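For reference, the chains in residue letters:
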Amino acid sequence: MTDEARSRRGRPRDPHLEDRVYDAALEVYWEKGWSGFTLDAVARRASVGRAALYRRWESKGALVVDALEARSPLATPIDLGTLRADLTELAVQLLQGYGGTAGLVSLRVALDARVHPDLLGRMMETLNKSRLVAARLIVHRAQSRGELPESADTTRILELVTGAVLSHVIFSHRTDADRAKTDRVYAENLVEAVLGGIGTG
């Protein structure tokens, strides 16, 4: 191939670029927060050219949303046939998701949104919408199966589960090697307590 042909062809597209950028974006945000988060910093961390990032993402907010959606703590739909099983799986996914970098960053974004509501408010709405819909479907299906009355407080049920999970993630500082097993046990005990508290245990 001649030099001229190589020049016309350009550099081949890196198939792993997005993965590297998403990982770098989450690492930079976790370390620096919104104020210190820039596309330039992400480009340096991911070892990619700045131009590649600016072509794909119009703003640093758009990159954060894409990175968190790609590494979402609730990536797998839940429909196991019973309210107990679905809520337990929801709790397990939240424990595992929020225990990782993407989950921790999403918590930091939520806190930063209180300081910069004009910049991050819409971002949080975008990030939370799909997760909220997926979680509410669990309760709505339970109502349609007759496991819960139509009058059941969907928000309260989900807050009891998600609130306990977030508190556990933030304050437990788990370092155990057998985390998958302990997450499952915690989730089962949590759901048992929630369902008992709302009179379906």
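Not measured: the values here are computed from a predicted model. (Residues numbered from 1 in each chain as written. Predicted model: local features only at pLDDT ≥ 70, side-chain atom pairs only at ≥ 80, totals over all residues. Heavy atoms only, no water.)

J.: What is the right way to read the overall build of the protein chain from this model?
T.: The number of helices and strands found in the protein chain is 10 helices and zero strands. For the protein chain, the sequential pattern of α-helices and β-strands runs α-α-α-α-α-α-α-α-α-α. Taking all 201 residues of the protein chain together, the buried fraction comes to 38%. Put simply, 66% of the contacts in the protein chain that link residues at least 6 apart link residues at least 24 apart. Summing over all exposed atoms, the protein chain offers an accessible surface of approximately 11600 Å²; the carbon and sulfur share of this is 52%. (Helix = DSSP H or I, 4+ residues; strand = E, 2+ residues; numbered from the N terminus. Buried < 20%, exposed > 50% of the residue type's maximum accessible area, 1.4 Å probe, protein only. Contact = heavy atoms within 4.5 Å. Areas by Shrake-Rupley, 256 points an atom, 1.4 Å probe, with all protein chains shown as cover.)

J.: Help me out: how do you make sense of the confidence of the model for the protein chain in this one?
T.: Any residue range with low pLDDT should be treated as having predicted coordinates unsuitable for detailed reading. Chain-level pLDDT for the protein chain is 85 on average; 87% of the residues reach the 70-or-more range. Model confidence for the protein chain, summarised as mean pLDDT per element, is weakest for helix α1 (residues 3–9) at 43 and strongest for helix α3 (residues 39–46) at 96. Taken together, the stretch residues 1–12 has pLDDT below 50 and engages in two contacts with residues farther than four places along the chain or on a different chain. (pLDDT = per-residue confidence, 0-100.)

J.: Whenever I open this one, the environment of E58 confuses me. Can you help?
T.: Within the fold, E58 resides in the loop between α4 (50–56) and α5 (60–70). The spatial distance from the C-alpha of E58 to the C-alpha of L39 is 9.9 Å, given a sequence separation of 19 residues.

J.: What should I look at first to understand the side chain of T88 in this one?
T.: Along the chain, T88 falls in helix α6 (residues 83–98). Among the residues examined, T88 registers a relative accessible area of 8% and is labelled buried. At 2.8 Å, the side chain of T88 and the backbone oxygen of R84 are in polar contact. Setting aside chain neighbours within four positions, we find T88 in contact with R184, A187, E188 and V191. (Polar contact = N/O pair within 3.5 Å; in protein donor to acceptor, adjacent residues only side chain to side chain.)

J.: What am I meant to see in the packing of aromatic side chains here?
T.: For any pair of aromatic rings, the description consists of the separation of the ring centres together with the inter-plane angle of the planes. The final tally for this structure, using the stated rule, is three aromatic pairs. Here the aromatic cluster, defined as three or more aromatic residues joined through ring pairs, consists of Y29, W34 and F37. We note K60 situated over the ring of W34; from NZ or CZ to the ring centre the distance is 4.1 Å. (Phe/Tyr/Trp six-rings, centres within 6.5 Å; stacked < 30°, edge-to-face > 60°. Lys NZ or Arg CZ within 6 Å of the ring centre and 35° of its normal.)

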